[in-house]
Number of protein chains: 2
Amino acid sequence: MTTPFPTSLGAELRDLLGDDFSMAEAERLSYSYDNSRRQALPDAVAFVRSHEQVESLVRACRRHRVPVIARGRGTNTTGATVPVEGGVVVSFERMNRIVRIDPDNRLAIVEPGVLNGDLQKALAPLGFFWPPDPTSSPWCSIGGNLACNSAGPRAVKYGSPRDNTLGLRAVAGSGEGFRCGTYTTKGATGYDLTRLLIGSEGTLALVTEATLKLTPKPSALRTMRATYKDVGSAARAVARIMAQPVTPCALEFIDDVALGLARAHGGDTVPVAGAMLMIEVDGEPDALPAAADAVAAAARGDGLIELSVARTDEETALLWSARKALSPAQRTISPHKINEDVVVPVSRLPELVDGVKRLAAAHDVLIVCFGHAGNGNLHVNLLPRNDAERTRAEACLHDVFALVISLDGTLSGEHGIGIAKREFMPLALSPATLHLMHNVKDAFDPDGILNPGKLLPPRP
Amino acid sequence: MTTPFPTSLGAELRDLLGDDFSMAEAERLSYSYDNSRRQALPDAVAFVRSHEQVESLVRACRRHRVPVIARGRGTNTTGATVPVEGGVVVSFERMNRIVRIDPDNRLAIVEPGVLNGDLQKALAPLGFFWPPDPTSSPWCSIGGNLACNSAGPRAVKYGSPRDNTLGLRAVAGSGEGFRCGTYTTKGATGYDLTRLLIGSEGTLALVTEATLKLTPKPSALRTMRATYKDVGSAARAVARIMAQPVTPCALEFIDDVALGLARAHGGDTVPVAGAMLMIEVDGEPDALPAAADAVAAAARGDGLIELSVARTDEETALLWSARKALSPAQRTISPHKINEDVVVPVSRLPELVDGVKRLAAAHDVLIVCFGHAGNGNLHVNLLPRNDAERTRAEACLHDVFALVISLDGTLSGEHGIGIAKREFMPLALSPATLHLMHNVKDAFDPDGILNPGKLLPPRP
């Protein structure tokens, strides 16, 4: 679908948006890629500022059957915002007002372009936070978080965007503007369109406003690091921690290969071990010691090498240093990192990690495993160092997904599907489920103009 | 749609289900009503026992365009399971196995006919619970809880079924069996069909298996009762409690009219006050005192009469006695109670309660308000004592809903829509939102055979 962009549509969108609409080469190039390193040129870029503009834009594009690709800050890693069929990239970066913060009702109303980190800064003095915390938090947008259901370490205690959003205003692919959800924390009034839109990667509707559920921020935090002689011991500790009543607010796992890399890059503050857990427990100061003790007790067990508890900010930073050294260490090794974020039930983590090690050996590819163990959400990063390894990594990836599905897991915990994992969807979902998802897509976007080529594989 | 039931369909379903299929008058009568006191005769009743039977049944009924009405135990109050257009009532009461309880992964897999209370009993020895706790918990089914997104007091801390369900197996109105969701607590693999089905009242699909998210049960509980000189003082206390970090596991409100009724019925253990809050805080024994103190501090403030903390089980029972006396007291007064469960943002509770008092006076109808204040979810019960009052109550109800919407609230927090509130849906949802919901309905149920006449008003 590389038909020429209709001249009359360009003129119409220029009338609608003025200088907030561009067909200039430089602008088109800037919005041709995202953090997936994939690239495709859009025909135009629109910087919307209001719900009404989005309605008019979608209607105009629909009349011409021109693709519309919603975009926050492009931090996703799956190509979800790459305009693979051309069309108009709708950037929400100028639609970035915090409309209202309402602590009495534990909610905030924001435009989609608000950065996650900016919202957190605005909430902090009021004693609240919005739980989703992707690593890209300082520069990713709330709209993008909602589109991909992006979470981070805190999800283990506080949930993902689907658990922390009350309602949305949006524009469907039909051009219809609508509201869904409530301003309340409970609701049983019709179908849950809010959660349906969250994680739909801009394929059903463009979100123009979100009512977010806020959580009071506990005032105290305790950081612990536990090292284990092997992966199995660490994974069993995770299961023990998750089976007792105090849920940590972070429960991060790092395997031996990742630890080795981090140590080579970050120096000998990084411990030598078969596996490591980073654990954080939050709470009010009076209650925190008992909560932290309960989690520490569960972390102890067969195979534990050492459990360290940070007593100062400096000690906390030191404990996290191994985890922080990991990303630059990976970049040094491989410019073509394939980073996945598969999920399995917590008890299947040992099988997943062991299985990945076997696949790494069989395909002769370096793989590191780390991530949000409390949710069973593991970043399985394949690190090919040259073209030959890259080809082997692609083959290995298919086997990794098949392993994950065989362990009752799923393809993605927080990155989403985009173009990167679209072809693997039939591994995770039956033809009937995919058929219903296509029907839902048609219900919102009858002409298929919203973010074509993403998330759902083509109908058989 | 009162066409005669096709003889060949009856024969086919008899072949499929044997003695689990009945067209006998007695059986049809037993399944003609639910707790809404509305009634309509089905043509037949099917007691299914497997997913495969449900698939075959829906396909057969679809061929004949015969309605299919899923039914748990009929405890809903909105008529959601009354077969208003005849057809086959599909009772899940014989499909009631707890398939698997998996504490390591904090999940349970159940058939829809399992009673909420039976699941809680099975979970208790393992230290877990499933948070949704409607008052009907001992005799309502999990399938019904999912269909109506039914919750109860604990939702303020632990959420409703939408927040506590990981995945579903179901049969769409098309006759397609499918799975959605995951066995993991995180997932970003396609559209969230799980939450879409929850609260859809059997109009999209029949749930045949649910994977529920379990929560470790805190081992200690502290019960408090706070009385206030007026409703406004109590409502402001609710806002203060919800703005600090310790969330109670119950925060129930009772207005002065309800207290008066309870006292007349339950005796003078019920306090005299302008309003009352029942508050429960749970946690581990070491942490509970600090948590309870934080909540108690927030409950104190302008207008507080007395804050009582129960120290023994007897004292706890005594504190709850006013709340328990309320239901029988209402029944004594009015056999035609209209019980609503509207929701408003917590800070709007005083305006809601004041507004309802004004409407009660204007329409000359007795109304009591009580309910789950932490969610802003109030049971507004109209208690007409005779036919004249009943007519006035119907008129008053419309004004109550209009008031709720004007306060940014919604029609139902946990009862759902059914037939009782269907006509009011356009008050809460715009034509565009309703249009999209109809499209979603068509996506799952192209011939409109699933629970016709419920939830969505007819397309304009």
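Residues numbered from 1 in each chain as written. Chains lettered and ligands numbered in written order. Predicted model: local features only at pLDDT ≥ 70, side-chain atom pairs only at ≥ 80, totals over all residues. Heavy atoms only, no water.

1. A few points about the interface of chain A and chain B
How big an interface is tends to be stated in terms of accessible area lost as the parts join.
Link 1 in the chain: Contact with chain A, which involves 81 residues of that partner, is made by 80 residues of chain B.
Link 2 in the chain: The contact between chain A and chain B buries some 6400 Å² in all, and 59% of this surface belongs to carbon and sulfur atoms.
Link 3 in the chain: Our enumeration of links across chain A and chain B arrives at six salt bridges.
Link 4 in the chain: Residue Lys 186 of chain B pairs with Glu 414 of chain A through a salt bridge whose shortest N-O separation is 2.7 Å.
Link 5 in the chain: Applying the counting rule to chain A against chain B returns 38 residue pairs in polar contact (both at pLDDT 80 or more).
Link 6 in the chain: Those elements that provide at least two residues to the side of chain A that touches chain B are β9 (177–181), α7 (193–197), α8 (231–242), α14 (425–428) and α15 (431–444) of chain A.
Link 7 in the chain: Taken together, the residues of the side of chain A that touches chain B sort by class into 38 nonpolar, 27 polar and 16 charged. (Contact = heavy atoms within 4.5 Å. Buried area = accessible area lost by both parts, 1.4 Å probe. Salt bridge = Lys/Arg side-chain N within 4 Å of Asp/Glu carboxyl O. Polar contact = N/O pair within 3.5 Å; in protein donor to acceptor, adjacent residues only side chain to side chain. Helix = DSSP H or I, 4+ residues; strand = E, 2+ residues; numbered from the N terminus. Nonpolar A, V, L, I, M, F, W, Y, C, P; charged D, E, K, R; others polar.)

2. Some thoughts on the environment of Pro 335 of chain A
Residues and elements named next belong to chain A.
Link 1 in the chain: Inspection of the secondary structure puts Pro 335 in the loop between α11 (313–333) and β16 (338–343).
Link 2 in the chain: According to the relative accessible area criterion, Pro 335 is partly exposed, its value standing at 46%.
Link 3 in the chain: Placed 224 residues apart in sequence, Pro 335 and Glu 111 show a C-alpha to C-alpha distance of 35 Å.
Link 4 in the chain: In this structure, Pro 335 is in contact with Arg 37 and Pro 384, ignoring residues within four places of it in sequence. (Buried < 20%, exposed > 50% of the residue type's maximum accessible area, 1.4 Å probe, protein only.)

3. Some remarks on α15 of chain A
Think of an α-helix as 3.6 residues a turn; residues three or four steps apart then line up on the same face.
Link 1 in the chain: For α15 of chain A, built from 14 residues, the straight-helix expectation of 20 Å at 1.5 Å per residue is met to within 8% by its first-to-last C-alpha distance of 20 Å.
Link 2 in the chain: Counted residue by residue, α15 of chain A has 11 buried out of 14 residues, so it is predominantly covered. (Expected span 1.5 Å × (residues − 1).)

4. Considering the pairing of strand β17 (residues 367–372) of chain B
Link 1 in the chain: A large share of β17 of chain B lies buried, amounting to six of its six residues.
Link 2 in the chain: Once β17 of chain B ends, the chain turns through four residues before running back antiparallel as strand β18 (residues 377–382) of chain B, passing Gly 376 of chain B with a positive phi of about 65°. (Pairing = 2+ DSSP bridges.)

5. Digging into the relation of the copies chain A and chain B
Link 1 in the chain: Note on the copies: chain A fits chain B at an RMSD of 0.1 Å, the axial shift is 0.0 Å, and the rotation between them is 180°. Those values place the two copies in the arrangement expected of a two-fold rotation axis. In terms of C-alpha distance to the rotation axis, chain A has Ala 287 of chain A as its closest residue, with the C-alpha 2.3 Å off the axis. (Least-squares fit on C-alpha atoms with pLDDT ≥ 70 in both.)

6. Description of the sheet that holds strand β18 (residues 377–382) of chain A
Residues and elements named next belong to chain A.
Link 1 in the chain: Ordered in space as β15-β12-β14-β13-β17-β18-β16, the seven strands form an open sheet in which the pairing is antiparallel. At either margin of the open sheet sits one strand with a lone partner, and together these are β15 (304–309) and β16. Each strand axis lies, on average, 15° off the axis of its neighbour in the sheet, ignoring direction.
Link 2 in the chain: Bridge analysis of strand β12 (residues 220–228) against strand β14 (residues 275–283) gives nine bridges, and the strand direction is antiparallel. (Axes fitted to C-alpha atoms, helices over the stretch in contact; angles between N-to-C directions.)

7. Looking at the UniProt feature "domain: FAD-binding PCMH-type" (unreviewed entry) in chain A
Link 1 in the chain: As annotated in UniProt, the feature "domain: FAD-binding PCMH-type" (unreviewed entry) corresponds to residues 38–217 of chain A in the numbering used here.
Link 2 in the chain: Secondary structure across residues 38–217 of chain A divides into 21% helix and 26% strand, with the first and last C-alpha atoms of the span separated by 38 Å. (UniProt positions renumbered as here; feature names shortened; annotations may be inferred.)

8. As for the packing of helix α12 (residues 349–363) of chain A against helix α13 (residues 387–406) of chain A
Residues and elements named next belong to chain A.
Link 1 in the chain: Between α12 and α13, whose axes approach to 10 Å, the crossing angle comes to 155°. On the basis of their axis angle, the class for α12 and α13 is roughly antiparallel. Crossing handedness for the pair α12 and α13: right-handed. Together, Leu 352, Gly 355, Val 356, Leu 359 and His 363 of α12 and Arg 392, Ala 395, Cys 396, Asp 399, Val 400, Leu 403 and Val 404 of α13 make up the contact between the two elements. (Parallel < 35°, antiparallel > 145°, perpendicular 65-115°, else oblique. Left-handed = near helix turned anticlockwise from the far one by under 90°.)

9. What about the nonpolar core?
Link 1 in the chain: Grouped together as the largest cluster of nonpolar side chains are 184 residues, with contacts concentrated most on Phe 444 of chain A together with Phe 444 of chain B.
Link 2 in the chain: Aside from chain neighbours lying at most four places away, what touches Phe 444 of chain A is Ala 172, Gly 173, Ser 174, Phe 178, Leu 193, Leu 196, Leu 197 and Leu 204 of chain A together with Leu 436 and Val 440 of chain B.
Link 3 in the chain: In terms of nonpolar packing, the next biggest core, distinct from the first, is built from 24 residues, Phe 5, Phe 21, Ala 44 and Leu 206 of chain A among them. (Core = buried A, V, L, I, M, F, W, Y, C linked by side-chain atoms within 4.5 Å.)

10. Describing helix α10 (residues 288–299) of chain B
Residue and element names in this part refer to chain B.
Link 1 in the chain: Counted at 1.5 Å a residue, the expected span for α10 with its 12 residues is 16 Å, and the 16 Å between its end C-alpha atoms agrees.
Link 2 in the chain: When we look at burial in α10, the residues that qualify are Leu 288, Ala 291, Ala 292, Val 295, Ala 296, Ala 298 and Ala 299. Summarising the axial view, the buried residues of α10 lie within an arc of 160°, below the 170-degree limit, and thus occupy one face.
Link 3 in the chain: Those residues of α10 hidden inside the fold are in contact with β12 (220–228), α8 (231–242), β14 (275–283) and β15 (304–309).
Link 4 in the chain: Directly beyond the C-terminal end of α10, a positive phi value near 160° is found at Gly 301. (Arc of directions from axis to C-beta.)

11. Here's the deal with the sheet that holds β9 of chain A
Link 1 in the chain: If you trace the five strands from one edge of the open sheet to the other, you get β5-β6-β10-β8-β9 (chain A), paired in antiparallel fashion. The sheet is open, and its two edges are formed by β5 (98–102) and β9 of chain A, each paired on a single side. Direction aside, neighbouring strands of the sheet carry axes that sit 15° apart on average.
Link 2 in the chain: Judged from the seven bridges that link them, strand β8 (residues 165–172) of chain A and strand β10 (residues 205–213) of chain A form a sheet pairing that is antiparallel. Within β10 of chain A, the residue paired with Val 171 of chain A across the bridge is Leu 206 of chain A.
Link 3 in the chain: Packed on one face of the sheet, helix α4 (residues 116–123) of chain A meets β5, β6 (107–110) and β10 of chain A and runs near 40° to β5 of chain A.
Link 4 in the chain: Against the sheet, helix α15 (residues 431–444) of chain B contacts β8 and β9 of chain A, and its axis sits at roughly 75° relative to β9 of chain A.

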